[in-house]
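Working through the structure, step by step
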Amino acid sequence: MKNSFSEKMVLIDGNSLLNRAYFATPVFTTSRGLPTNAIFGFLKLLFKISADLDPGYMVVTFDLHAPTFRHTEYAAYKAGRRPMDDALRVQIPVLKEVLSLMQIKICEKEGYEADDVIGTLSHKLPVHSYIYTGDRDSYQLVTEKTDVQYTKRGVSDLLHLSIDNFREIVGLEPRQIIDLKALMGDKSDNIPGVPGIGEKTAMTLLQKYGTLEGVYEHIDEIKGSTKTKLEAGEESAFFSKHLATILLDAPVEVELSDCVFRKTYSKEVKAKFSELEFKSFLTMDIFEKEEDSSPALLPEKTIAVKKITQPEELTDLLKTLAGVSDCAFDDTNGISLYFDGTEYVIPVRESILDAGFFEEDILPIYPLLFEDEKKNITLFQAKNLMHRRADAVKEYRATIDDVAIMRYLVDSTEKDETLDDLILLKNMPAEQRAYNLFRLKEEYALRLREENAQALYAELEMPLMRVLYDMETQGVCVNVELLNELSRKFQSDIDQLTKEIYELAGKPFNVNSPSQLGVVLFDEMKLPYYGKKNKSGKYSTNVDVLEKISSYEIVQKILRHREISKLKSTYVEGMRPLLQNGKIHTTYTQTITSTGRLSSVNPNLQNIPVRKAEGKELRKLFVASEGNVLLDADYSQIELRLLAHFSGCKELIEAYNKGEDIHALTASQVFHVPLNEVTGDLRRKAKAINFGIIYGMSGFGLSQDLDISVGKAKEYIDAYFARYSDVKAYMDSNVKAAKENGYVTTLLGRKRNIPELKSSNFAVRQFGERAAMNMPLQGSSADIIKIAMIRVHTMLKENGMKAKLILQVHDELIIDCPIEEAEKVSEILKKGMEEAVSLRVPLTVEVSRGNNWYEAK
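As the structure is a computational prediction, the values presented were derived from the model and not from experiment.

1. Topic: the sheet that holds strand β19 (residues 628-635)
Spatial strand order, β22-β23-β19-β24: four strands in an open sheet with antiparallel pairing. The open sheet has two edge strands, β22 (804-809) and β24 (845-850), and neither has a second partner. Neighbour-to-neighbour, the strand axes of this sheet turn through a mean angle of 25°, independent of strand direction. Judged from the six bridges that link them, β19 and β24 form a sheet pairing that is antiparallel. Looking at β24, one finds that A633 is bridged to V847.

Structure representation (structure tokens):
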């Protein structure tokens with residue numbers, strides 16, 4: 001049947017499709033912690049609609065959080081629906097902001113549902129409407145001028161319903177959908193229908209009698225229990241029809257001219273996509289072309305770009321470089337070099353068929369740049385380049401600026417972007433990589449000055465980068481024989497546990513398969529299940545689910561099986577490919593965490609589990625070099641000492657200055673027992689409270705840690721704050737300042753923005769409050785260990801020591817030290833760490849030694 005109107009309008013049920021997108025799109029968040037998966041999935045469908053349908057008009061409708069006329073008439077309407085996930089709820093206002101920036105019409109009407117708005121617009125506007133929804137209620141709206149695109153699964157699998165195919169697919173006419181719901185009801189909306197009448201009976205009745213009215217006009221022809229049910233439920237049926245009918249005349253004041261759909265978007269939209277970290281959208285050809293669309297702070301200027309393709313041109317460039325003092329350099333895609341207003345591009349060839357130079361032709365550029373102490377070179381992720389070109393450079397003497405570190409200090413909550421990401425996000429010319437670096441350096445240098453973070457950059461992070469380079473180059477020795485022995489032992493344990501699990505289950509199965517495990521535990525063994533099934537209807541067997549039933553022997557063994565398997569795969573077999581001449585060279589990253597702490601990868605030595613015996617055994621793998629010992633130094637309770645310093649709590653300051661046991665003191669104060677009567681159990685509880693306070697732990701969190709009631713845990717926390725009121729005042733002041741300023745700072749002025757405090761979502765705001773309480777402590781701890789690393793590294797060199805700093809793990813430093821230097825280096829290590837900063841309380845460090853990390857620790 002020919003459409004009545006040639007112009008097309010898309011009507012989107014915003015709540016319905018956002019909900020579908022939320023559950024169909026993998027969970028991800030921005031670096032600031034905002035969930036965005038539903039918004040991303042929604043926009044992805046919107047762009048697909050634009051490409052496939054090319055509509056001239058578009059409206060997105062939303063339900064408001066106010067009762068509709070249906071709720072007023074029937075209090076149970078939609079009752080029993082599960083509440084919206086917080087992670088979805090927080091995305092609704094953000095999506096509306098995005099749509100407004102895109103100039104897409106948003107329509108919502110208090111007292112009416114989105115369906116009523118859609119029904120009215122599709123009925124009254126003189127265009128052919130295409131309704132996109134995941135709600136079958138809209139089936140009733142199909143007419144000659146209205147189609148429905150129903151999302152069967154996710155947001156991409158669509159069922160297209162038109163007046164031409166509706167009866168063939170559904171078995172009824174569109175307006176009969178209202179009568180169908182009147183008879184069979186609708187569980188999702190809690191519409192009662194006729195009790196006892198199901199979908200099959202309702203369909204049969206409507207196919208014979210046409211409408212609900214037709215059914216009751218012929219009630220005498222209907223026999224048996226169906227007639228009895230219909231007679232008893234007549235009032236409910238007609239009331240249900242009223243509830244199920246989508247309005248076509250809601251008081252919606254929208255004209256066609258309000259709904260024009262624009263297919264290109266402003267720089268504000270692009271900036272919003274960048275903020276939401278939707279990189280794939282940024283590359284789409286959907287943005288207006290503007291003369292200056294770069295969001296960089298500094299204006300662009302015209303530069304010369306010279307491509308070096310001939311040997312004599314390269315020779316001339318090398319000669320010129322000898323006299324250059326300041327340049328920007330990138331070698332991740334050929335060579336890009338910027339100085340004195342010109343970008344030099346040197347292509348690198350992989351075969352004789354490629355244009356450019358071979359690797360060996362360009363190697364002379366590295367010593368020329370990096371061995372000259374008079375040069376200042378701007379790089380991106382400098383440490384990575386230094387490792388890549390270590391064979392070509394004898395010693396890195398040049399002054400280096402690292403744009404990646406500058407950017408991190410400007411906002412540590414941003415993701416660790418690559419240079420390509422930044423160029424894309426800032427809409428910079430891709431072919432001018434080195435000049436882009438130069439511009440970025442100027443932009444971030446300006447922002448560092450504005451944030452008073454120049455000293456943090458120049459005196460802490462950049463000197464630390466050199467220390468980390470030396471540590472990574474040095475590496476740590478690994479006992480390969482013990483590695484093999486642990487591998488065999490862990491595999492033997494896994495095999496034995498597998499055998500025992502099979503015996504308890506009564507059959508063999510794949511213990512590592514969540515689906516098979518779920519069937520065995522919950523279908524066959526009938527163990528209680530306290531989780532939710534996934535979208536495929538399968539049981540979850542994650543650790544949270546299993547720990548709730550860990551009293552069962554088979555579950556205990558499964559959890560143990562997982563622990564040992566992870567240790568073997570991650571920390572034993574996972575280290576083998578990383579071994580180089582018997583050493584591991586982990587990589588430390590300065591630009592990942594929002595607190596300023598270092599992170600470690602390949603392998604992650606920061607995350608070796610040490611709570612259980614097998615985890616501790618892994619530390620035996622890391623050994624001293626031949627003829628050396630390992631020296632290990634760890635700050636004692638550094639965050640609690642910082643809490644005493646920042647809060648000015650006289651009780652804590654006095655205790656630390658007297659060298660008292662802070663956990664025993666807290667136990668005495670909180671549990672009201674004399675200090676000399678504090679038991680080991682009370683001290684353990686007090687320790688959990690002390691460290692829980694640092695992390696803003698709630699009564700629930702502490703109850704989980706101590707296996708006590710939430711009420712009792714809250715009593716402990718209240719007792720702590722009653723005794724240490726200065727700590728409570730300090731924590732509250734952090735949250736208050738963060739709400740006013742949008743950020744908190746560390747001892748050295750490192751800043752962390754906390755946008756979560758402005759979230760409309762309660763859970764997100766709570767996270768922000770915990771971050772505001774904890775970040776000054778955790779971040780200051782990170783600052784102090786970094787100062788200590790630089791001091792110790794410098795003191796070792798100044799004293800002519802052969803000992804090398806090789807590991808940093810949280811508040812712990814490890815040195816590989818010749819035995820004859822052990823006493824002197826222990827003094828250096830202790831002095832360098834304890835005198836890193838001056839606080840109201842002493843920083844104390846204990847230095848121990850051993851042949852391996854386990855013994856030294």
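2. Details of helix α34 (residues 725-741)
Across its 17 residues, α34 extends 24 Å between first and last C-alpha, which sits within 8% of the 24 Å expected from 1.5 Å per residue. Against the buried residues of α34 lie α28 (638-647), α29 (650-658), α31 (680-694), α33 (710-723), β20 (743-745) and α35 (762-798). Trailing α34 by a residue or two, G742 shows a phi angle of about 90°, which is positive.

3. Remarks on the confidence of the model for the chain
Model confidence for the chain is summarised by a mean pLDDT of 89, while 96% of its residues fall at 70 or above. Note on residues 291-298: pLDDT is under 50 here. Beyond four places in sequence and across chains, it has 18 contacts.

4. Topic: the packing of helix α23 (residues 480-505) against helix α26 (residues 553-572)
Running from amino to carboxyl end, α23 crosses α26 at an angle of 155°, the nearest separation of the two axes being 9 Å. Viewed along their axes, α23 and α26 adopt a mutual orientation that is roughly antiparallel. The chirality of how α23 crosses α26 is left-handed. Here the contact of α23 with α26 is built from residues that sort into 14 nonpolar, five polar and six charged.

5. Regarding the side chain of K181
Its place among the elements puts K181 in helix α8 (residues 176-184). At 2.4 Å, the side chain of K181 forms a polar contact with the side chain of D186. If we ignore the near neighbours within four places in the chain, the residues touching K181 are D137, D186, I191, G193, S240 and A244.

6. Describing the packing of helix α19 (residues 403-410) against helix α22 (residues 454-474)
Running from N to C, α19 and α22 cross one another at 130°; their axes reach a closest spacing of 11 Å. Judged by the angle between their axes, α19 and α22 are oblique. As for how α19 packs across α22, the hand of that crossing is right-handed. Residue-level contacts link I405, M406 and L409 of α19 to L456, Y457, E461, M462 and M465 of α22. Each residue belonging to the contact of α19 with α22 can be placed in one class, and the counts come to seven nonpolar, no polar and one charged.

7. Some remarks on the packing of aromatic side chains
Throughout the structure, instances matching the rule amount to 31 aromatic pairs. Ring plane angle 80° and centroid distance 4.9 Å describe the contact between Y22 and F23, whose orientation is recorded as edge-to-face. By relative accessible area, which is 11% here, Y22 ends up buried. Their ring planes at 70° and their centres at 5.5 Å tell us that F370 and Y396 sit as a pair that is edge-to-face. Pair noted here: F370 is in helix α17 (residues 365-370) and Y396 is in the loop between α18 (382-388) and β12 (399-402), with a separation of 26 residues, a long-range link. This pair shows no difference in class: F370 is buried, exactly as Y396 is. Joined through ring pairs, the aromatic side chains of F40, F47, Y265, F273, F278, F281 and F287 make up one cluster. Between K96 and the ring centre of F62, over which it is positioned, the NZ or CZ distance is 4.9 Å.

8. So, the nonpolar core
Judged by nonpolar contacts, the single largest core of 166 residues is most densely connected at F329 and F370. Sort the elements by how many residues they give to this core and α35 lands first, with 14 residues. In this view, F370 contacts F329, I377, L379, L385, V393, E395, Y396, R397, A398 and I400; residues no more than four positions away in its chain are not counted. Ranked by size, the runner-up nonpolar core spans 44 residues in total, among them L183, V194, L205 and V215.

9. Some remarks on the pattern of salt bridges
The final tally for this structure, using the stated rule, is 57 salt bridges. Between E97 and K272 there is a salt bridge; the shortest N-O distance is 3.1 Å. With E97 in helix α5 (residues 91-101) and K272 in helix α13 (residues 267-275), the pair connects residues that are 175 residues apart, well separated along the chain. What makes E97 partly exposed here is its relative accessible area of 38%. Overall, the relative accessible area of 9% leaves K272 in the buried class. In this structure, K830 and E834 form a salt bridge, with 2.9 Å as the shortest nitrogen-oxygen distance. Taken together, the positions of K830 and E834, both in helix α36 (residues 822-834) and four residues apart, correspond to about one turn of that helix. For K830, a relative accessible area of 31% translates into the label partly exposed. Of the residues examined, E834 reaches a relative accessible area of 23% and is grouped as partly exposed. It is possible to trace a salt-bridge network through shared partners that takes in D331, E359, R388 and R389.

Parameters at a glance
Residues numbered from 1 in each chain as written. Predicted model: local features only at pLDDT ≥ 70, side-chain atom pairs only at ≥ 80, totals over all residues. Heavy atoms only, no water. Pairing = 2+ DSSP bridges. Helix = DSSP H or I, 4+ residues; strand = E, 2+ residues; numbered from the N terminus. Axes fitted to C-alpha atoms, helices over the stretch in contact; angles between N-to-C directions. Expected span 1.5 Å × (residues − 1). Contact = heavy atoms within 4.5 Å. pLDDT = per-residue confidence, 0-100. Parallel < 35°, antiparallel > 145°, perpendicular 65-115°, else oblique. Left-handed = near helix turned anticlockwise from the far one by under 90°. Nonpolar A, V, L, I, M, F, W, Y, C, P; charged D, E, K, R; others polar. Polar contact = N/O pair within 3.5 Å; in protein donor to acceptor, adjacent residues only side chain to side chain. Phe/Tyr/Trp six-rings, centres within 6.5 Å; stacked < 30°, edge-to-face > 60°. Buried < 20%, exposed > 50% of the residue type's maximum accessible area, 1.4 Å probe, protein only. Lys NZ or Arg CZ within 6 Å of the ring centre and 35° of its normal. Core = buried A, V, L, I, M, F, W, Y, C linked by side-chain atoms within 4.5 Å. Salt bridge = Lys/Arg side-chain N within 4 Å of Asp/Glu carboxyl O.

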